[in-house]
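Architecture and fold: a report
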Amino acid sequence: MRFTTLTDYGLRAMLEIAASQDEWVSIETVATSQSMSDDYLRTALNALKRAGLVESRKGRQGGFKLAKSADEIHLADVIRAIDGPLTSISGHRPEGVAYTGAASGLEKVWIALRAKERRILDNVSLQDVLDSKFPDFIQVLVDDPDSWGAPN
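What comes next concerns the included structure. (Residues numbered from 1 in each chain as written. Predicted model: local features only at pLDDT ≥ 70, side-chain atom pairs only at ≥ 80, totals over all residues. Heavy atoms only, no water.)

For the rest of this paragraph, the subject is unusual backbone geometry. If a residue is not glycine, its phi is most likely negative; likewise, a peptide bond is most likely trans. Even without a glycine there, the phi angle at Ser90 is positive, about 50°. The topology assignment puts Ser90 in the loop between helix H4 (75-83) and helix H5 (106-121). Despite not being glycine, Ser132 shows a phi value in the positive range, around 50°. You can see Ser132 is positioned in the loop between helix H6 (126-131) and helix H7 (136-143). (Helix = DSSP H or I, 4+ residues; strand = E, 2+ residues; numbered from the N terminus.)

Here it is, written out as structure tokens:
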């Protein structure tokens, strides 16, 4: 699973904005706080605005704020707004690929992978990340030492 830099910026920006507790946050504030490029960040925030996840206001007192509460916006919402579907294979959804012969079972692996991604990313809100409080099934994964390193 790979996330683009744009998605990384979008997630981090959303967390900075969520942490502001309904104050307007400027691009410059987010960029400085997270050591990001203003231009790239602007692209991510524009995608999030089009998706209805943030609102914007121009002017000296302007910036961005969440369009919904932080507990109503899930990580998957942000990822989908910027990168589209969570799982795609050569630009297709897992159920849209067809393999033959020895690879025919691969579609089931992609479906299972997407199901796990959804289970995690659709169940972790911005507020969960800010509070560092996660659903139990996620905390079990985080607490497993095997989750923290590359396989041998």
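Having put the structure on the table, let's press on.
Moving on, we come to the pairing of strand S2 (residues 63-66). Successive side chains on a regular strand alternate, one facing one side of the sheet and the next facing the other. Sheet topology note: the strand S1 (residues 54-57)/S2 ladder contains four bridges and is antiparallel. Across the sheet, Arg57 pairs through a bridge with Gly63, a residue of S2. The antiparallel pairing of S1 with S2 creates a hairpin that spans five residues between the two strands, and Gly59 there sits at a positive phi of about 105°. (Pairing = 2+ DSSP bridges.)

For the rest of this paragraph, the subject is helix H2 (residues 27-34). Among the residues of H2, those classed as buried are Ile27, Val30 and Ala31. End-on view of H2: buried residues confined to an arc of 95°, all on one side of the axis. Lining the buried residues of H2 we find helix H1 (5-19), helix H3 (38-50) and S2. Phi turns positive, to about 55°, at Ser35, one or two residues after H2. (Buried < 20%, exposed > 50% of the residue type's maximum accessible area, 1.4 Å probe, protein only. Arc of directions from axis to C-beta. Contact = heavy atoms within 4.5 Å.)

Structural measurements only, silent on function.
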